[in-house]
Amino acid sequence: MKVPTMAEYMAEGKQPEILFWVGSAGSYDDRAKKITKAFVKILNKANVDFAVLGPEESSTGDVAKRAGNEFLFQMQAMMNIEVLNGYEIKRIVTCDPHSFNCIKNEYPSLGGKYEVVHHTQFIKELIDSGRLQNVGDTYKGKRITFHDPCYLGRANEVYDAPRDVLSVLNANLTEMKRHKATALCCGAGGAQMFKEPEKGDKDINVLRTEDALETNPEIIATGCPYCNTMMTDGVKYKEKEDSIIVQDIAELIANAQNL
Amino acid sequence: MEYIPNILFAILLIVGVGYFAKNVKKLTRNIKLGKDVDRSDNKSERWKNMAMIALGQSKMVKRPIAGFLHIIVYVGFIIINLEVLEIIIDGLFGTHRVFTKVLPDSVYGFLIGSFEILAVLVLITVIIFWLRRNVIKLKRFLSAEMKGWPKSDGNIILYFEVVLMTLFLVMNATDAEFQAMGSGNIISKHIAGLFGSGEHLHIIERAAWWLHIAGILVFLNYLYYSKHLHILLAFPNTWYANLKPKGQFVNDASVTKEVKLMMDPNADPFAAPAEGEDEGEPEKFGASDVQDLNWVQLMNSYTCTECGRCTSECPANLTGKKLSPRKIMMDTRDRLEEVGKNIDANNGTFVDDGKSLLNDYITTEELWACTSCNACVEACPVNIDPLSIIMEMRKYLVMEQSAAPTELNVMMGNIENNGAPWPYNQMDRLNWKDEN
Ligand code: SF4
Ligand code: SF4
């Protein structure tokens, strides 16, 4: 798989069109790595000149900040900013809404000013500009429902890009009762991904999965690696993993293109 | 002797308004206990938000039934209170329905007629509201934090409205002159018969008139002790609300200074502070009490209408966790009131009472249940931000007390050591490229 690093670009004295921020989940988590690869396939297919930081990338610090450790967050942020500024990065794309939000909104006042886009926005750009064509009919007529990630939706009001991308699949898109601004969280945000939930009568991902099941979907589409894990677990909990698949929008597009 | 009613009225007015002014002063002082935060940018957008959200109630109508009913009470209440202007002039100068002298009968009739219709609409709406709270038992009015005073408060306001509206209609119905004018008594003419005719009519009319204005003054002073404060504070609250993307949390400037120092290879950590730079006490990170919050967060707490829209959208609360963003706001307000009373009792300075917002009001269990999803912020009809308070308190727990849940400490340790929340080597970040 062709995945050039910034160091390699630098050595050749070139600058890529965009930096792909893989994020910690996308780099290490088995399920999320599949999303990363699907997105890279799309980038390669559309001949996008991109690079990753590879071992020079480090946690954005987002989750440390949400857990209350402002110090660790700013340490991480400043280290990353040093690297990014060193490479004179202008534009960043990421599959992780948490990295997206953090770099886009919280890095600027620490000296890191970049244009940051979510991968669904970038894929939409590729489609709109004709760099990605004939997406394919793999999902024609399939019932798909999209779960809005909090850090893409409410946090940054990006509601349309993921839906626009899904709409080229000619699938049967249905909305959950709670969607867009009123979408229910998958339960992973605010560092919950890394701890047991507090005592309650249900897990949040189960409640969100029930929202999705009401639409009787064949596919639950996600736009965040953490949401993906949460919804996958929810579907398993409901013993529906044989009839419902949970996939990131990048995976759906890559599949439709037979990549 | 003939001026006694005028003097009585003036005294009533001065006492009512004066006491209210005193409470407003206390309220402002309490809000100013918060830290400074600059929200003076983008004035035009702020005015627009205030016009849309506070005046135009644009977020209220997201729940169409409650929103519609609320608008009736809101509009009715404000417009009917134009009538208070006439009452005040009449009261001070001993006139009777002074506007009939300056306005043509038809205009006056139209105004009072509209007020009467609104009064009936308000009455009907208030009854529906009462049923929602007490008979239909809507879930969001039944949470643990709504027991006791908050529950009575909600009902008392409704009774107030019933009494005020009824007095207004009775006052009109028993005003023989007004009824004789035959314009604007569109509702009151139907109940005028109930009161018969004769000398006693005038007495009822006067009684209703005095009780009406006294009731309004009492209501004005009730505000400070009630969630109804939002009818005033909704305006500044929406003006000063955060305009940045909801996902953007503030970066602590004091932390930035320290981190920069640590990362600067030339910095001498033992260097004496530069001339003029006072060493001072090291700043406290995050918030354990109300004084650590900023003044907008404190104003938020007084503005909260206790409507529970936030809590009814909160994923943690919906799944039975203890966290309720409404309770976060109510706790902040109650603690702030307690601190304010402490200051009053101790001649203007706060004397440590061994209590704090953290633990005595808000438990760590509540704080750690939050997913930072912003659903509460989105849902709030008056742009309150409960999440920002939760985050400040987490910051205190972690940075001042190292009291994060164990798993989170492990996660943060991993980030410190390997640059990822999991124990993987940073050098392996790109391994996925060659895996299948
Ligand atoms: S941000 Fe926290 S308190 Fe607010 S709705 Fe989400 S989980 Fe609840
Ligand atoms: S914070 Fe806002 S939404 Fe929540 S109870 Fe108060 S006014 Fe209602």
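Here the residue numbers are simple positions, counted from 1 along each chain's written sequence. Lettering of chains starts at A and numbering of ligands starts at 1, both following the order in which they are written. Two thresholds apply to this predicted model, a pLDDT of at least 70 for residue-level local features and 80 or more for giving and counting side-chain atom pairs, whereas whole-chain, interface and lining totals are computed over all residues. The side-chain numbers reported here are obtained from all heavy atoms of the structure, hydrogens and water having been left aside.

Under an unreviewed UniProt entry, chain B has the name Possible oxidoreductase, Fe-S subunit and belongs to Kordia algicida OT-1.

Named according to an unreviewed UniProt entry, chain A is Fe-S oxidoreductase, possible dehydrogenase subunit originating from Kordia algicida OT-1.

Thoughts on the domain arrangement of chain A
Residues and elements named next belong to chain A. In terms of domain boundaries, chain A breaks down into domain 1 (6–125) and domain 2 (133–256). Start and end positions for the domains come from either an automated domain assignment or a database one. One C-alpha centre belongs to domain 1, the other to domain 2, and the line joining them spans 22 Å. Domain 1 puts 26 residues into the contact, and the matching count from domain 2 is 28 residues. Taking both partners together, domain 1 and domain 2 bury about 2,200 Å²; carbon and sulfur atoms supply 70% of that area. The contact criterion used throughout is that any non-hydrogen atoms of two residues lie within 4.5 Å. Two parts lose some accessible area (1.4 Å probe) when they are put together, and adding that loss for both gives the buried area.

A short note on the domain arrangement of chain B
Residues and elements named next belong to chain B. Here chain B is described as being made up of domain 1 (4–31 + 63–239) and domain 2 (253–263 + 284–423). For domain 1 and domain 2, the distance between their C-alpha centroids amounts to 38 Å. The interface is formed by 23 residues belonging to domain 1 together with 27 residues belonging to domain 2. Where domain 1 abuts domain 2, roughly 2,200 Å² becomes buried across the two surfaces, and 52% of that area is made up of carbon and sulfur atoms. The largest per-residue losses of area from domain 1 upon contact with domain 2 belong to Ile31, Glu145 and Asn237, which jointly make up 29% of the total buried on that side. Whenever a carboxyl oxygen of Asp or Glu lies within 4 Å of a side-chain nitrogen of Lys or Arg, that contact is scored as a salt bridge. At the junction of domain 1 and domain 2, the tally comes to four salt bridges.

Observations regarding helix α10 (residues 199–222) of chain B
Each helix corresponds to a stretch of at least 4 residues labelled H or I by DSSP, and each strand to a stretch of at least 2 residues labelled E; elements are numbered beginning at the N terminus. Expected span, for any helix, means 1.5 Å times one less than how many residues it has. Between its terminal C-alpha atoms α10(B) stretches 35 Å, which fits the 34 Å expected from 24 residues at 1.5 Å a residue. Exposure categories follow from relative accessible area, calculated using a 1.4 Å probe and restricted to protein chains: below 20% of the type maximum is buried, above 50% is exposed, and the middle band is partly exposed. All buried positions along α10(B) are accounted for by B:Leu201, B:Glu205, B:Ala208, B:Trp209, B:His212, B:Ile213, B:Gly215, B:Ile216, B:Leu217, B:Phe219, B:Asn221 and B:Tyr222.

Notes on the sheet that holds strand β1 (residues 18–21) of chain A
Hydrogen bonds between backbone groups are what pair the strands of a sheet, and the pairing can be parallel or antiparallel. Residue and element names in this part refer to chain A. A pair of strands is labelled paired if DSSP reports no fewer than 2 bridges between them. Read across the sheet, four strands follow the order β2-β1-β3-β4 without closing on themselves; strand pairing throughout is parallel. Where the open sheet ends on each side, the last strands, each with one partner, are β2 (50–51) and β4 (115–118). Both β1 and β2 contribute to a ladder of two bridges, which runs parallel. Counted as the bridge partner of leucine 19 is alanine 51 from β2. Axis lines are fitted to C-alpha atoms, over the contacting stretch for helices. Their N-to-C directions set the angle, which ranges from 0 to 180 degrees. With respect to the sheet, helix α7 (residues 119–128) is in contact with β1, β3 (91–94) and β4, its orientation differing from that of β4 by roughly 85°.

Describing the site of ligand 2
In the region of ligand 2, 13 residues are neighbours, and B:Cys304, B:Cys307, B:Gly308, B:Cys310 and B:Cys380 sit closest. Only Asp, Glu, Lys and Arg are considered charged, only Ala, Val, Leu, Ile, Met, Phe, Trp, Tyr, Cys and Pro nonpolar, and every remaining residue, Gly among them, polar. Tallied by class, residues from the shell around ligand 2 come to eight nonpolar, two polar and three charged. Proximity is defined per residue: any heavy atom of the residue falling within 4 Å of a molecule or strand makes that residue near it.

Some details on the layout of surface pockets
All names here are of chain B. Using a grid of 1 Å spacing that covers the protein atoms alone, one calls a set of points a cavity when a 1.4 Å probe fits there but cannot get out, and a pocket when the set is open and has protein on both sides within 12 Å along at least five of seven lines; lining residues are those with an atom within 4 Å of a point. Grid points are joined across faces, edges and corners, and a volume is the space filled by probe spheres set on the points. Each pocket or cavity is described by its volume, and for the second largest pocket that value is around 1,000 Å³. If you go around the second largest pocket, you meet 43 residues; those closest to its centre are His70, Glu161, His228, His230 and Ile231. Every element with two or more residues in the lining of the second largest pocket is listed here: α1 (4–31), α2 (43–55), α3 (64–80), α4 (82–93), α6 (105–134), α7 (149–173), α10 and α11 (230–239). For the lining of the second largest pocket, the element with the highest residue contribution is α3, accounting for six residues. Here the residues of the lining of the second largest pocket are counted per class, giving 30 nonpolar, seven polar and six charged. Counting contributing residues per domain, the lining of the second largest pocket is built from domain 1 (4–31 + 63–239) and domain 2 (253–263 + 284–423), each supplying no fewer than three.

So, empty space enclosed by the protein
Unfilled space is identified by rolling a water-sized probe across the atoms. Residues and elements named next belong to chain A. Per the counting criterion, the structure on display carries seven cavities of 30 Å³ or more. Of the pockets and cavities examined, the largest cavity occupies roughly 180 Å³. Together, 22 residues line the largest cavity, and Asp62, Val63, Asp96, His98 and Tyr226 are the ones closest to its centre. Mapped by element, the contributors of at least two residues to the lining of the largest cavity are α2 (23–28), α4 (62–66) and α6 (97–106).

So, the site of ligand 1
Residues and elements named next belong to chain B. In the region of ligand 1, 13 residues are neighbours, and Cys314, Cys370, Thr371, Cys373 and Cys376 sit closest. Each molecule is assigned to a cavity or pocket provided more than half of its atoms lie within 2 Å of the corresponding grid points. The pocket occupied by ligand 1, as judged from atoms lying within 2 Å of grid points, is the second largest cavity. For the shell around ligand 1, the elements supplying multiple residues, two or more each, are α19 (375–379) and α20 (386–399).

Here we look at the interface of chain A and chain B
The interface is formed by 74 residues belonging to chain A together with 59 residues belonging to chain B. Across the chain A to chain B interface the summed buried area is about 5,600 Å²; carbon plus sulfur atoms make up 63%. When the area that chain A buries against chain B is broken down by residue, the three leading residues are A:Tyr28, A:Phe71 and A:Phe194, summing to 13%. Connecting chain A to chain B are three salt bridges. Pairs of N or O atoms within 3.5 Å make up the polar contacts considered here, provided that, within protein, one atom can donate a hydrogen while the other can accept it, and that residues adjacent in sequence are counted only when both atoms are side-chain atoms. Counting every contact that joins chain A to chain B gives 36 residue pairs in polar contact (both at pLDDT 80 or more). Secondary-structure elements contributing two or more residues to the side of chain A that touches chain B are α2, α3 (30–45), α4, α5 (70–86), α6 and α9 (204–213) of chain A. Top contributing element to the side of chain A that touches chain B by residue count: α5(A), with ten residues. Its residues assigned to classes, the side of chain A that touches chain B shows 31 nonpolar, 23 polar and 20 charged.

Considering unusual backbone geometry
Residues and elements named next belong to chain A. Despite not being glycine, lysine 180 shows a phi value in the positive range, around 50°. Take lysine 180: it is sitting in the loop between β6 (172–173) and α9. On the basis of relative accessible area, lysine 180 is assigned to the partly exposed category, the value being 30%. Of note in this structure, asparagine 216 is not a glycine but carries a positive phi near 55°. Positionally, asparagine 216 belongs in the loop between α9 and β7 (219–222).

Let's talk about the pattern of salt bridges
All names here are of chain B. For the structure shown, the criterion picks out 45 salt bridges over all chains. We note a salt bridge from arginine 333 to glutamate 306, for which the minimum N-O separation is 2.8 Å. Placement of arginine 333 in helix α16 (residues 325–345) and of glutamate 306 in the loop between α13 (295–303) and α14 (309–313) is noted, with a sequence separation of 27 residues between them. Here arginine 333 matches glutamate 306 in class, with each residue buried. Glutamate 338 serves as the salt-bridge partner of arginine 335, at 2.6 Å between the closest nitrogen and oxygen. Pair noted here: arginine 335 and glutamate 338 are both in helix α16, with a separation of three residues, about one helical turn.

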